[in-house]
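# Architecture at a glance
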Amino acid sequence: MKRLHFMMRNIAALMGYRGPALALIFLTIVVLLAIFADVLGFDPFKQDIIHALEGPSAKHWFGTDELGRDMLARVIHGARTSLVTAGGAVTIAAVIGVPLGLIAGFFGGWRDGVIMRVIDVMMALPGILFAMALIAVLGRGQIAALVAVGISGVPTFARIVRAQVLTLRKRDYVTAVESFGGSSTYNMFNTVLPNSWPPILVQIVVLSSVAILLEASLAFLGIGVPPPQPSWGEMLRAGKSFLHDSPTYAIVPGVVLTLTILSFDTLGRGLQTVLENPRRSSAKPTTEGAAS
Amino acid sequence: MKQAILSVTNLEVTFPGSPNRVPVVRGVSFEIMEDEVLCIVGESGSGKSVTALAIAGLLPPTAKISGSIKLHGKELIGASAEEMRRIRGREIGFIFQDPSTTLNPVLKVGEQLTEAQVFHGLLPKGDAPARAIELLKEVEISGPAIRAEQYPHQFSGGMRQRAVIGMAMAGKPSIILADEPTTALDVTVQAQVLELLSRRQRETRAPIILITHDLGVVAETAHRVAVMYGGRIVETGTVDEIFAHPHHPYTAALLQSIPRHDLGDRRLEPIPGHPVTPTSLPKGCSFAPRCARRQGREQCLISEPPLEASSTGGTAACFFAGELPAERLSGVPRRVAATAAEGAAVKPLLEVTDLKVHFPIKRGLLQRSNSAVRAVDGVSFKLYPGETVSLVGESGCGKSTTARSIMGLQKVTEGTVRLDGQLLSNMSTAGLRKARRHMQYVFQDPFSSLNPIKPIEDIVAEPLRIHKLYDEFGGDKYIAELFELVGLSRDMFGRFPAEFSGGQKQRIGIARALSLKPKLLILDEPVAALDVSIQAQILNLLEDLQKELSLSYLFIAHNLSVVRHISDRVAVMYLGRIVEQASRDDLYERPQHPYTQSLLSAAPVPDPVRGRKRKRIVVKGEIPDPENPPPGCTFSPRCLRATDICRGVQPELTPTGFSGTAACYHPGPMELTAAPHAAQTELTP
């Protein structure tokens, strides 16, 4: 209940900024379309060779591809691929990265040393290279792309959480829990972690955009999600051969991809502003005791 | 009649806010003459700092200023930025609160001192170094030629503030504004800096406006006083009049509510409620809701009383300014715990023996620790059930580290801690967790000691939940009882820490500490972060709780007045050691160790008449580097009684002949300290 209240308040605060508000609206539309694509009757596989490579029309708003499939349906289903990959990747990155950062930051010492050196090694590998290597092992498929992108996102999570924990660790309210007998595990998960949400949340949004881009890049290189499953990167790859005949083929998925990534980034930045000044809109704390 | 150097008329400052602009300063008028020290005193949110910043033209552009500020008859409001910069450079010297952030860390101190003058063309660049040395000499910094070439980090806190004073006075300004210039400093250093400030004032005859919340500082430095509350001046007068016959009920109440180290003990009379903030000004007189003199009279709630001349030559903004308080400072002594005497038949609740906490310093490639900061170096004391023992000392003396290591928050290097006869030092983690139930910690800063994302009832209940005692102790109902016990109400359930004022937060912190029904509370500077009028509330609460729940307190503080008020026994710490411990009254009335004596005489007394009569020792120098303490008695370099033996071997705590012990080769009353060794020290009558 309280969580919900917090969330609503933050969303309300976000809507006060123009950029993040537009981004949020755009992303909501994309997500809703991706979820309800089947219900709305978008079929990305129905071929209609006679009307192949047509420009936008009343029947096909975004035109058709070389097999006469409706581009609008394919873009919407492509959003599904992108979002699922992003969601899965971010989940993997957060589930592994957050506890690593938490342990490293909270305990320090040798645990910190070991974890952070491993993270450093992971940071040294370029994400796309690592993904390609992983796909080479696991074979081409959505799961492989998802795992690859997820693992390459682990280091940033671990580092961000560690930095946050290091500052929180010194706070009196963390020491207080220790003083009345709370164990380290209790302190870590009940005191430090809940207070670390703001940067984690921002990172989730930011990493989503990175994941979408990485997924599209893999597909563009032809090692992403296998056809016929629609993917924006795949569409860009196929569409570039028909740039002269049907420019919308490549442009539409490109624009949608750009807008999505841009929206995630804008949202992330907006979220950061909102979460850093949590009580701008609500009851003002009294200033007594603070330096006057 | 002297000409006013600065006259402020009807100054108003508002800041943006929603829905309306927030009035922070509301119609402030005052004048300051040549050779005068005006203290503006008030609590946080009273608008005192904003007034000073407005005069210096240092407010952010979002602030709207109206009224008039005239310096030498010249209007400052509406002056161009260029003009203001010129005036700040030549006419106004500003001394900020925190000397560690006022100086530019990458610029040599000497260069900084003369930077402004060179910039404004008042000083040829070639003469700057010589002038810098001269300035440092004027603010009594030893070795000025070397010091001028150093960077701020090589200066100690007190020296930095001296340098800042030198900088402010470098351009021979017409007026000096000092905003809480000694709040960040230790009490012995504060005394040095205040003395320097008033000496330089006498020499230059430049008027000073000194902003402070400390009535002791006011009494020691001011000629005239202006008391601010809720953005207005509510009373002005000469310093003697203000302290002897306060006309405004706020001033009177403030004087009643502060603990004093120079008086026999008494129950404090706190001002109810908490200070108004600019966003929550009541209608009518802003002090009316907390006022004891109003007694239900309607007039105070309807209109704001104007600032009118009072019977003693000052001014006061109260409809009933004539009704002087009948009662003066009462002297009802607080009981001293019966078990105060050592060696009583009762077993000590807490026994600390030879506690040492050293922090190794790792250096070099191999990270070898070849030296250590001896934060706590052999501290022993006993605390009996039901009594309050205070550890008092200046920053860096190890008092907080001692408290934290007793609590188990800090690894102990050597020594033992026994609670109720149980040895804590080598207990298992689980055993320690259980034992900790009987002692709890109250933190200094109520703003950072409460988890900001938990509702307050969960914060108070957290210790119970951790020990799985929530239901056993009575759940919700018990929490509500705790709330009532500390003067909060059940209606506050569900709200978050940020919605409360500092005093309320500290009450929440105390409720949390009490939730496990501990026997011992370790109070680490529990009132240091609070406003003066709130301190009394919390101190009284602590006293009541002690009586009601028969608690024992280990009280950590730097403020001697607060310590005198609350303690049964007091231990004075210096550089990681206890240098003197005694029963409260013996320590304050018959201090034997020279450090205790200098501490007591450095602490300002909020009574100008008494203060002037006081014999004062102002010790030179500052606390030495704890990594590299002086040989022998660590206080010897600053001590006026030090002899060769002091510089050779560290003295042990030996009985003083009164109730306590002191670690000194030459203990004795202060009067006997005259002349022969006075080279190190000044005696000012």
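Quick note: structure is the one above.
An account of the accompanying structure is given in this report. The structure presented is a predicted model; accordingly, all values stated were derived computationally and were not measured.

Definitions and cut-offs
Residues numbered from 1 in each chain as written. Chains lettered and ligands numbered in written order. Predicted model: local features only at pLDDT ≥ 70, side-chain atom pairs only at ≥ 80, totals over all residues. Heavy atoms only, no water. Helix = DSSP H or I, 4+ residues; strand = E, 2+ residues; numbered from the N terminus. Buried < 20%, exposed > 50% of the residue type's maximum accessible area, 1.4 Å probe, protein only. Pairing = 2+ DSSP bridges. Contact = heavy atoms within 4.5 Å. Axes fitted to C-alpha atoms, helices over the stretch in contact; angles between N-to-C directions. Salt bridge = Lys/Arg side-chain N within 4 Å of Asp/Glu carboxyl O. Polar contact = N/O pair within 3.5 Å; in protein donor to acceptor, adjacent residues only side chain to side chain. Nonpolar A, V, L, I, M, F, W, Y, C, P; charged D, E, K, R; others polar. Core = buried A, V, L, I, M, F, W, Y, C linked by side-chain atoms within 4.5 Å. Expected span 1.5 Å × (residues − 1). Patch = residues over 30% accessible without salt bridge, like charges linked within 9 Å, V, L, I, M, F, W, Y side chains within 5 Å. Areas by Shrake-Rupley, 256 points an atom, 1.4 Å probe, with all protein chains shown as cover. Parallel < 35°, antiparallel > 145°, perpendicular 65-115°, else oblique. Left-handed = near helix turned anticlockwise from the far one by under 90°.

Now for the overall build of chain A. In terms of regular secondary structure, chain A is built from eleven helices and zero strands. Starting at the N terminus and walking to the C terminus, you meet the elements of chain A as α-α-α-α-α-α-α-α-α-α-α. Based on the C-alpha atoms only, the size of chain A along its principal axes is roughly 75 × 45 × 30 Å. The 292 residues of chain A split such that 45% are buried.

What follows is about the sheet that holds strand β6 (residues 92-95) of chain B. Residues and elements named next belong to chain B. Spatially, the eight strands line up as an open sheet ordered β6-β7-β8-β3-β9-β10-β12-β11, and their pairing is mixed. Each having just a single partner strand, β6 and β11 (308-309) make up the two edges of the open sheet. Along the sheet, helix α7 (residues 157-170) makes contact with β6 and β7 (175-179), crossing β6 at roughly 165°.

For the rest of this paragraph, the subject is the interface of chain A and chain B. Counting residues at the interface gives 28 residues for chain A, matched by 41 residues for chain B. Scanning the region where chain A abuts chain B turns up zero salt bridges. Taken together, the links from chain A to chain B amount to five residue pairs in polar contact (both at pLDDT 80 or more). Residue assignment for the side of chain A that touches chain B shows that the elements contributing at least two residues are α1 (2-14), α7 (172-179) and α8 (184-195) of chain A. Per element, the largest residue contribution to the side of chain A that touches chain B is seven residues, and it comes from α7(A). In terms of residue class, the side of chain A that touches chain B is built from nine nonpolar, twelve polar and seven charged.

So, about the nonpolar core. Residues and elements named next belong to chain B. Counting 101 residues, the largest nonpolar core has Leu350, Phe381 and Leu554 as its most contacted members. Top contributing element to this core by residue count: helix α18 (residues 532-549), with seven residues. Contacts of Leu350, omitting those with residues within four sequence positions, involve Phe381, Lys382, Leu383, Ile406, Val417, Arg418, Leu419, Leu520 and Leu554. Val217, Val234, Val239 and Cys285 belong to the second largest nonpolar core, which has 59 residues in total.

Two residues of an α-helix separated by three or four positions point the same way, owing to the 3.6 residues in each turn. Residues and elements named next belong to chain B. Given a rise of 1.5 Å per residue, 18 residues ought to cover 26 Å, and the 25 Å separating the end C-alpha atoms of helix α8 (residues 187-204) matches this to within 8%. Buried residues of α8: Val187, Thr188, Val189, Gln190, Ala191, Gln192, Val193, Leu194, Leu196, Leu197, Arg200 and Gln201, and no others. Arg205 sits one or two positions beyond α8 and adopts a positive phi of about 60°.

What follows is about helix α4 (residues 109-119) of chain B. Residues and elements named next belong to chain B. Every buried residue belonging to α4 is among Val109, Gly110, Gln112, Leu113, Thr114 and Gln117, and all of these are buried. Among the structural elements, α5 (128-138), α6 (144-147) and α7 are those in contact with the buried residues of α4. Of the residues one or two after α4, Gly121 is the one with positive phi, at around 75°.

Attention now moves to a nonpolar patch on the surface. A cluster of nonpolar side chains, contributed by Met7(A), Met8(A), Ile11(A), Met15(A), Leu22(A), Ile25(A) and Ile29(A), occupies part of the molecular surface with about 660 Å² of accessible area. Those elements giving two or more residues to the nonpolar patch turn out to be α1 and α2 (18-35) of chain A.

Structurally, Arg512(B) is set in helix α17 (residues 502-514). Between the alpha carbons of Arg512(B) and Ile459(B) there is a distance of 6.9 Å; along the sequence they are 53 residues apart. The contact partners of Arg512(B), leaving out residues within four places of it in the chain, are Ala176(A), Phe180(A), Phe443(B), Ser449(B), Leu450(B), Ile459(B), Val460(B) and Pro463(B).

What follows deals with the packing of α4(B) against α7(B). All names here are of chain B. Where α4 meets α7, the axes come as close as 8 Å, and the angle between the chain directions of the two elements is 25°. If you check the angle between α4 and α7, you find them roughly parallel. α7 is crossed by α4, and the crossing has right-handed handedness. Where α4 approaches α7, its residues Val109, Gln112, Leu113 and Gln117 are matched on the opposing element by Ala163, Gly166, Met167 and Ala170.

Attention now moves to the side chain of Gln506(B). Here Gln506(B) is to be found in helix α17. Apart from the residues lying within four places of it in its own chain, the contact partners of Gln506(B) are Val442(B), Phe443(B), Gln444(B), Pro446(B), Pro526(B), Leu530(B) and Ile538(B).

Let's shift gears to the environment of Lys399(B). All names here are of chain B. Residue position: Lys399 is located in helix α13 (residues 399-407). Classification of Lys399 by relative accessible area gives buried; the value is 7%. Here the alpha-carbon distance between Lys399 and Gly216, two residues 183 residues apart in the chain, equals 24 Å. In contact with Lys399, not counting residues within four places along its chain, are Leu391, Val392, Gly393, Glu394, Glu525, Ile556, Ala557, His558 and Met573.

Turning next to the pattern of salt bridges. All names here are of chain B. The final tally for this structure, using the stated rule, is 36 salt bridges over all chains. The partner of Asp420 in a salt bridge is Lys519, and the shortest N-O contact between them spans 2.5 Å. Placement of Asp420 in the loop between β16 (414-419) and β17 (422-423) and of Lys519 in the loop between α17 and β19 (520-524) is noted, with a sequence separation of 99 residues between them. On the basis of relative accessible area, Lys519 is assigned to the partly exposed category, the value being 35%. Overlapping salt bridges bring together Glu138, Glu140, Arg162, Arg199, Arg200 and Glu203 as one network.

Residue and element names in this part refer to chain B. For Lys172, which is not a glycine, the phi torsion comes out positive at approximately 45°. Note that Lys172 resides in the loop between α7 and β7. The class for Lys172 is exposed, based on a relative accessible area of 66%. One non-glycine residue with positive phi stands out, namely Lys517, at about 50°. Within the secondary structure, Lys517 is located in the loop between α17 and β19. Of the residues examined, Lys517 reaches a relative accessible area of 51% and is grouped as exposed.

Now for the sheet that holds strand β15 (residues 388-392) of chain B. Backbone hydrogen bonds hold the strands of a sheet together, and the pairing may be parallel or antiparallel. Residue and element names in this part refer to chain B. Taken together, eight strands build an open sheet; the order of strands is β18-β19-β20-β15-β21-β22-β25-β24 and the sheet is mixed. Here the strands that pair on one side only, and so sit at the sheet edges, are β18 (439-442) and β24 (654-655). Sheet analysis places strand β22 (residues 577-583) next to strand β25 (residues 661-662), joined by two bridges and oriented antiparallel. Across the sheet, Gln581 pairs through a bridge with Thr661, a residue of β25. Along the sheet, α18 makes contact with β15, β19 and β20 (552-557), crossing β20 at roughly 155°. Set on the sheet, helix α21 (residues 594-602) makes contact with β21 (569-574) and β22; between it and β21 the angle comes to about 100°.

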